[in-house]
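A look at the structure
Each chain, letter by letter, is given below.
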Amino acid sequence: MTDDSKREQLLAVYDDQLRGTGESADVPTSLDGPVIRVEYPSRGFVSYRTLDGLDSAEIDALIARQRDYFAAKGQAVEWKLRGHDQPADLPDRLRAAGFEPEEQETVLVAESADIAERLRGRDSVDGVTIRLVSDRADFERIAAMESTVWNDDWSWLTDDLVRRHASGTDIFVAEVDGQVVSAAWAVYKKGTEFTGLWGGSTLAEWRGKGIYKALVAVRAARAVSLGYKYLHVDASDDSSPILQRLGFLAVTTTTPYVHKPA
């Protein structure tokens, strides 16, 4: 099978399993036509599989209703646009309704067993300990590491990781002499064949040593052992080339379009 054929196959599985309800498990939701409103505590999120069957006026009205629904609650809302979504002028329609684009990422997909095999023997780095963690104290250490990486206050991540762990997410740290130098987590999407790979931030002085790849290897092997066939990543421009060299295929892009109430 050619890469193009494989890419089309993976995109079809991604659309079928990770759009709509696949993005909203364990979170309060409400419906508006083809749209699922995902109601996080501090921010809204709009998910859907397709807008087929709606004319231009109906799409504009649908967009406006999502904006106004969350604005009435004093909340921002994210409309997650994929690069292959139709109609082609959907970005213009979102902008016209007051939504602004944030950084575009590349959606990468691979078969878990393929990545685990490619990275066999690369799941460790000399002098680095990689372990699965579950204690709040470790989540606090991860948040402190992320704050250093991004030069911002990421203390909010502690509670987020507590919530994720309670819902079944596996969280890994990479440590050197007891210091957290990198962390990543694997989100098993219930009712699908997908594991989402999140995190992977590494302290600047520890980059380029194979830690990121080791964390991918550990999570790929874990996904295989749990019976999850596919891995997916919303990858930054920094991570995307690394993951594509490891065998992931770029199937589309994703851009958050965000409306923030006045």
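Bear in mind the structure is a predicted one, so any value in this text is a computation, not a measurement.

This part covers the pairing of strand 10 (residues 194-202). With respect to burial, strand 10 is a largely interior element, seven of its nine residues being buried. Sheet analysis places strand 9 (residues 179-188) next to strand 10, joined by six bridges and oriented antiparallel. What sits directly across from W185, in strand 10, is W198. By the bridge criterion, three bridges tie strand 10 to strand 11 (residues 230-235) in an arrangement that is parallel. Counted as the bridge partner of T195 is L231 from strand 11. Note that the unit made of strand 10, helix 7 (residues 211-226) and strand 11 has a crossover that is right-handed.

Mapped onto the fold, D15 is located in helix 1 (residues 3-18). D15 sits 207 residues away from R222 along the chain, and the two C-alpha atoms are 24 Å apart. What D15 contacts, discounting residues up to four positions off in sequence, is R49 and H84. Within the structure, the side chain of D15 is placed 2.9 Å from the side chain of H84, a separation counted as a polar contact.

All right, on to the pairing of strand 6 (residues 105-111) then. Among the seven residues of strand 6, five are classified as buried, and the element is accordingly described as predominantly covered. Both strand 6 and strand 12 (residues 249-259) contribute to a ladder of five bridges, which runs antiparallel. Note that in strand 12 the partner of T106 across the bridge is T253. Alignment of strand 6 against strand 11, held across six bridges, turns out to be antiparallel. For T106, the partnering residue across the bridge sits in strand 11 and is A235.

Two elements in contact, helix 5 (residues 136-150) and helix 6 (residues 156-166), have axes whose closest approach is 8 Å; the angle formed by their N-to-C orientations is 135 degrees. It follows that helix 5 is oblique to helix 6 by the angle criterion. As for how helix 5 packs across helix 6, the hand of that crossing is right-handed. Two secondary-structure elements touch here, helix 5 through R136, F139, E140, I142, A143 and E146 and helix 6 through L157, T158, D159, L161, V162 and H165. Here the contact of helix 5 with helix 6 is built from residues that sort into six nonpolar, two polar and four charged.

What follows deals with the pattern of salt bridges. Taken as a whole and assessed by the stated rule, the structure comprises 24 salt bridges. The partner of D89 in a salt bridge is R93, and the shortest N-O contact between them spans 3.1 Å. Of the residues examined, D89 reaches a relative accessible area of 28% and is grouped as partly exposed. Among the charged side chains, a network of salt bridges with common partners joins R131, D138, R141 and E175.

This part takes up the side chain of E175. Topologically, E175 is positioned in strand 8 (residues 170-176). Among the polar contacts made by the side chain of E175, one reaches the side chain of R131 at a distance of 2.8 Å. Polar contacts involving the side chain of E175 include one to the side chain of R141, which spans 2.9 Å. Apart from the residues lying within four places of it in its own chain, the contact partners of E175 are G127, V128, T129, R131, R141, V180 and V181.

Here is what the cut-offs are and how they apply
- Residues numbered from 1 in each chain as written.
- Predicted model: local features only at pLDDT ≥ 70, side-chain atom pairs only at ≥ 80, totals over all residues.
- Heavy atoms only, no water.
- Buried < 20%, exposed > 50% of the residue type's maximum accessible area, 1.4 Å probe, protein only.
- Helix = DSSP H or I, 4+ residues; strand = E, 2+ residues; numbered from the N terminus.
- Pairing = 2+ DSSP bridges.
- Right-handed = clockwise from strand over helix to strand, strands pointing away.
- Contact = heavy atoms within 4.5 Å.
- Polar contact = N/O pair within 3.5 Å; in protein donor to acceptor, adjacent residues only side chain to side chain.
- Axes fitted to C-alpha atoms, helices over the stretch in contact; angles between N-to-C directions.
- Parallel < 35°, antiparallel > 145°, perpendicular 65-115°, else oblique.
- Left-handed = near helix turned anticlockwise from the far one by under 90°.
- Nonpolar A, V, L, I, M, F, W, Y, C, P; charged D, E, K, R; others polar.
- Salt bridge = Lys/Arg side-chain N within 4 Å of Asp/Glu carboxyl O.

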